[in-house]
Amino acid sequence: MKKCFWATFWIMILSDSLSLAQGSFKEGYIVTIENDTIRGTLANRSDSRNYRSCLFKEALSGNKVEYLPGDILGFGYEGFKKFEANIIDSAFVEVLVRGKLSLYRNNIDFFLKKGGEVITLEELEKEIIINGEKRIVEDQKWKRLVDFTIQDCLPNSDEIASRISYNEKSLSDLVESYNACSGEYYTVYKEKRPWTKVSIGVGMGLMDSKLMFRKEVLNFYYLNKDYKSIDPAFGLVLSFGIPRVSDKLFLEMEAYYRKANYSSHFLIDRSMLEEHWTYIDYTNIAIPISLKYILLPMKNYSIFLQGGFNYDYHLSSQTKRTMKSTNGDDINYYEYEDLFEVYKSLFGVWGGIGVKREFKQVELSSSIRFIKNSYYNEYNTGDNRMGFFVVLKRK
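Only a predicted model underlies this, so the values are computations on that prediction, with no experimental measurement involved.

K.L.:
Explain the environment of Phe-388 here, please?
P.N.:
Looking at where Phe-388 falls in the secondary structure, it is placed in strand E22 (residues 380-394). Residues Phe-388 and Asn-261, 127 residues apart in the sequence, show an inter-C-alpha distance of 18 Å. Other than its neighbours up to four places away in sequence, Phe-388 contacts Met-204, Gly-205, Leu-206, Ser-366, Ser-367 and Ile-368.

K.L.:
What is the right way to read the packing of aromatic side chains from this model?
P.N.:
Each aromatic ring pair is characterised by the separation of its centres together with the angle its planes make. Applying the stated rule across the entire model yields eight aromatic pairs. Measuring from ring centre to ring centre gives 5.0 Å for Tyr-256 and Phe-389, while their planes differ by 65°; the resulting arrangement is edge-to-face. One end of the pair, Tyr-256, is in strand E16 (residues 246-269); the other, Phe-389, is in strand E22, with 133 residues separating them in the sequence. Given the relative accessible area of 3%, Tyr-256 is considered buried. Here the aromatic residues Tyr-51, Phe-75, Phe-83 and Phe-92 are joined through ring pairs into a cluster of three or more. A cation over a ring is seen here: Arg-244 above Trp-195, with NZ or CZ 4.4 Å from the ring centre. Above the face of the Phe-304 ring, Lys-292 is positioned so that its terminal group lies 4.3 Å from the ring centre.

K.L.:
Help me understand helix H3 (residues 141-150) in this model?
P.N.:
Spacing of three or four residues puts side chains on the same side of an α-helix, whose turn is 3.6 residues. Considered for burial, the residues of H3 that qualify are Trp-142, Lys-143, Val-146, Asp-147, Thr-149 and Ile-150. The buried residues of H3 occupy an angular sector of 165° when projected down its axis, which confines them to one face. Opposite its buried face, H3 presents the exposed residues Lys-141, Arg-144 and Phe-148, each directed more than 90 degrees away. Against strand E8 (101-106), strand E9 (109-114), strand E10 (117-121), strand E12 (133-138), helix H4 (157-163) and helix H5 (168-182) lie the buried residues of H3.

K.L.:
Looking at this structure, how should I read the side chain of Ser-53?
P.N.:
Structurally, Ser-53 is set in the loop between helix H2 (47-50) and strand E3 (54-58). Classification of Ser-53 by relative accessible area gives buried; the value is 6%. In this structure the side chain of Ser-53 is engaged in a polar contact, spanning 2.7 Å, whose partner is the side chain of Glu-66. Setting aside its immediate chain neighbours within four residues, Ser-53 contacts Arg-45, Glu-66, Tyr-67, Leu-68, Phe-75 and Phe-92.

K.L.:
Quick question: what am I supposed to make of a nonpolar patch on the surface here?
P.N.:
On the surface, a nonpolar cluster with roughly 680 Å² of combined accessible area is contributed by Leu-249, Leu-251, Met-253, Ile-287, Ile-289, Leu-291, Tyr-293, Leu-295 and Leu-305. When residues of the nonpolar patch are traced back to their parent elements, those giving at least two are E16 and strand E17 (273-297). Looking at the nonpolar patch, the element that brings in the most residues is E17, giving five residues. Examined against the element boundaries, Leu-295 turns out to sit in strand E17.

Conventions we followed
Residues numbered from 1 in each chain as written. Predicted model: local features only at pLDDT ≥ 70, side-chain atom pairs only at ≥ 80, totals over all residues. Heavy atoms only, no water. Helix = DSSP H or I, 4+ residues; strand = E, 2+ residues; numbered from the N terminus. Contact = heavy atoms within 4.5 Å. Phe/Tyr/Trp six-rings, centres within 6.5 Å; stacked < 30°, edge-to-face > 60°. Buried < 20%, exposed > 50% of the residue type's maximum accessible area, 1.4 Å probe, protein only. Lys NZ or Arg CZ within 6 Å of the ring centre and 35° of its normal. Arc of directions from axis to C-beta. Polar contact = N/O pair within 3.5 Å; in protein donor to acceptor, adjacent residues only side chain to side chain. Patch = residues over 30% accessible without salt bridge, like charges linked within 9 Å, V, L, I, M, F, W, Y side chains within 5 Å. Areas by Shrake-Rupley, 256 points an atom, 1.4 Å probe, with all protein chains shown as cover. Salt bridge = Lys/Arg side-chain N within 4 Å of Asp/Glu carboxyl O.

Given below as structure tokens:
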């Protein structure tokens, strides 16, 4: 019954999300073949899809039209990315810098344009033989092309080219330096966005956890097969973003403080009656590290997926048992402590889905998470958790 409930829940969530995603548009424009700019809204899609086509909704008519690279000169999102046709065959490219020397991107490939010539930069590997052994090394051809392209303005161009890396920031900085050196006007389309952004916030959650043990361990016959506990968790959240490259991908590190309490009652009726009360208590710090991806950006809120690794450190732990034996009128109580070892460190994986909404200065998100941790000890067969979390971060 519980599995059916959760299956129905996720189907409803995903169905609603997909239907709402059809209305996910952002302010933007297209540039027609006649070089006219028409403003409206653009589907807020991934770069991989925007390299193939754009979905545009006209402001006046509200009609949705999909344009291919041969249909328009380009399109762009207000204050963010711009894409252009006619740089490479049958695809749009993102315009990173436009000037005497321009820089474009399509997936992992970068392109320079100078004086009407388009230069393709590719990070390739080649096989060489050193002392009779085959080795794979980076092909330096793209750096030689960069050196040749910038040597008319930047001194020590060979040294500069040898130091650059094959990524958007390094190449953008280089092209900006060249254009500044040339003294001609140039445009950086995402210059208002920082390369990196760090946000800090607070989080709290309610965790439903389940410990499972092997019943066949004779020394612990009094243990239940599984133990359940519902406990609050409180902590801090640190989020790292790359707004210049993507407004959908984030790295998040969190730390939560939590106390968990498990208990059971076990009855054995034989020559004498035995009752066992078992208690497992611990206090821990959980450190989940994850990638967070905005799957469905909406106008007022967004749906995201999140997943990664989890590390638990037990600050303290206690295991104890109270046994009551009854033999006629003879009743005895026995107390036992440190029943078994609880490992100090646990490692696991986790994933979840959530919704976030942005306000003027803060971002509020809620999510449902599933966590699978490693064993607590040699008798434990798993630590499964499901939690509901709310996070409030500064923008």
